[in-house]
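Overview (structure and organization)
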Amino acid sequence: MDRPKYNRKFLAVLDGTDECAVAVTFAACRMRRTGGIVKLLVVIEPDQFQHWIGVENVMRAEAFEEANRWLDVAEAQIKALGDIPVEREIREGPKADELEAAIAEDKDISILVLASSKSTDGPGPLVSSIAARGANALPIPVAIVPGFLTDEQIEELA
């Protein structure tokens, strides 16, 4: 089925947690159905590099390698769901600040998709951080998908 091309993007943030896969699957299923792009974002927080310069450079390089591995896995996950365009971005800085900056800089991002943690300890650090900033912190809607959903359940919802 041919769909009109949209510049609309759903943004999924990758941080190495299991729930990221749920957010990516939801974003990809919605974009497959409605048209658009899944934008994948990894934010590397610089506070983990507070060492001597040589060690800092090695740690930064390792963090970028890990970020690219997460992006590769997520992109493969999306490709398995269909011909869905994907954009990848790696940023460095405080996670919430870089997330806000990415949304401000890319006007085609229409929804931030996050998945809640499966843990009983709370919804997860990123969901908690976004919620703590208040309802007007972001200029776009935030979709929070339950992290325990199966791929089949996501297909039904999306």
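Residues numbered from 1 in each chain as written. Predicted model: local features only at pLDDT ≥ 70, side-chain atom pairs only at ≥ 80, totals over all residues. Heavy atoms only, no water.

Things to note about the pattern of salt bridges
For the structure on display, the rule yields eleven salt bridges. Of the charged contacts in the structure, one is a salt bridge between Arg 32 and Glu 155, with a shortest N-O distance of 2.5 Å. Taken together, the residues Arg 32 in helix H1 (residues 19–34) and Glu 155 in helix H5 (residues 151–157) connect sequence positions 123 residues apart. Judged by its relative accessible area of 23%, Arg 32 is partly exposed. Between Glu 89 and Lys 39 there is a salt bridge, with its nearest N and O atoms 3.1 Å apart. On the criterion of sequence distance, the pair formed by Glu 89 in strand E3 (residues 86–92) and Lys 39 in strand E2 (residues 37–44) is long-range, its members being 50 residues apart. Relative accessible area serves as the criterion here: at 18%, Glu 89 is assigned to the buried category. When salt bridges with common partners are traced through the structure, they connect Lys 9, Lys 39, Glu 87, Glu 89, Arg 91, Glu 98, Glu 105 and Asp 106 into a single cluster. (Salt bridge = Lys/Arg side-chain N within 4 Å of Asp/Glu carboxyl O. Helix = DSSP H or I, 4+ residues; strand = E, 2+ residues; numbered from the N terminus. Buried < 20%, exposed > 50% of the residue type's maximum accessible area, 1.4 Å probe, protein only.)

Quick notes on the side chain of Asp 15
Relative to the helices and strands, Asp 15 is located in the loop between strand E1 (9–14) and H1. It turns out Asp 15 is buried and unbridged, and the closest side chain with the opposite charge, Lys 95, is 4.0 Å from it. The contact partners of Asp 15, leaving out residues within four places of it in the chain, are Cys 20, Trp 70 and Lys 95. (Lys, Arg positive; Asp, Glu negative; His and termini not counted. Contact = heavy atoms within 4.5 Å.)

Quick notes on the nonpolar core
Ranked by size, the top nonpolar core spans 29 residues in total, and within it Leu 14, Val 24, Val 38, Leu 40, Ile 78 and Val 113 carry the most contacts. Of all elements in the fold, only E1, H1, E2, helix H2 (53–81) and strand E4 (109–115) reach the threshold of two or more residues within this core. By residue number, the principal contributor to this core is H1, which donates nine residues. In this view, Leu 40 contacts Ala 12, Leu 14, Val 24, Leu 71, Ala 74, Glu 75, Ile 78, Val 86, Glu 87, Arg 88 and Glu 89; residues no more than four positions away in its chain are not counted. Counting residues in each nonpolar core, the second largest holds 15 residues, with Val 43, Ile 103, Leu 112 and Leu 138 among its members. (Core = buried A, V, L, I, M, F, W, Y, C linked by side-chain atoms within 4.5 Å.)

Focus on the sheet that holds E2
With parallel pairing, five strands are arranged side by side in an open sheet as E3-E2-E1-E4-E5. Looking along the sheet, the strands with just one partner apiece sit at the ends: E3 and strand E5 (142–145). Adjacent strand axes in the sheet meet at a mean angle of 25° when their direction is disregarded. Pairing geometry for E1 and E2, over six bridges, is parallel. Among the inter-strand pairings, Leu 14 is bridged to a residue of E2, identified as Val 42. Across the face of the sheet, helix H3 (residues 95–105) comes into contact with E1, E2, E3 and E4 while running at roughly 135° to E3. Across the face of the sheet, helix H4 (residues 125–132) comes into contact with E1, E4 and E5 while running at roughly 130° to E4. (Pairing = 2+ DSSP bridges. Axes fitted to C-alpha atoms, helices over the stretch in contact; angles between N-to-C directions.)

Describing H4
Listed as buried for H4 are Leu 126, Val 127 and Ile 130. Buried residues in H4, looked at end-on, bunch into an arc of 100°, giving them a common side. Residues of H4 that are exposed and point more than 90 degrees away from the buried face comprise Pro 125 and Ala 132. (Arc of directions from axis to C-beta.)

Side note on the side chain of Ser 117
The residue Ser 117 is located in the loop between E4 and H4 in this model. For Ser 117, a relative accessible area of 19% translates into the label buried. The residues touching Ser 117, leaving out its near neighbours within four places in the chain, are Glu 19, Gly 122, Pro 123 and Gly 124.

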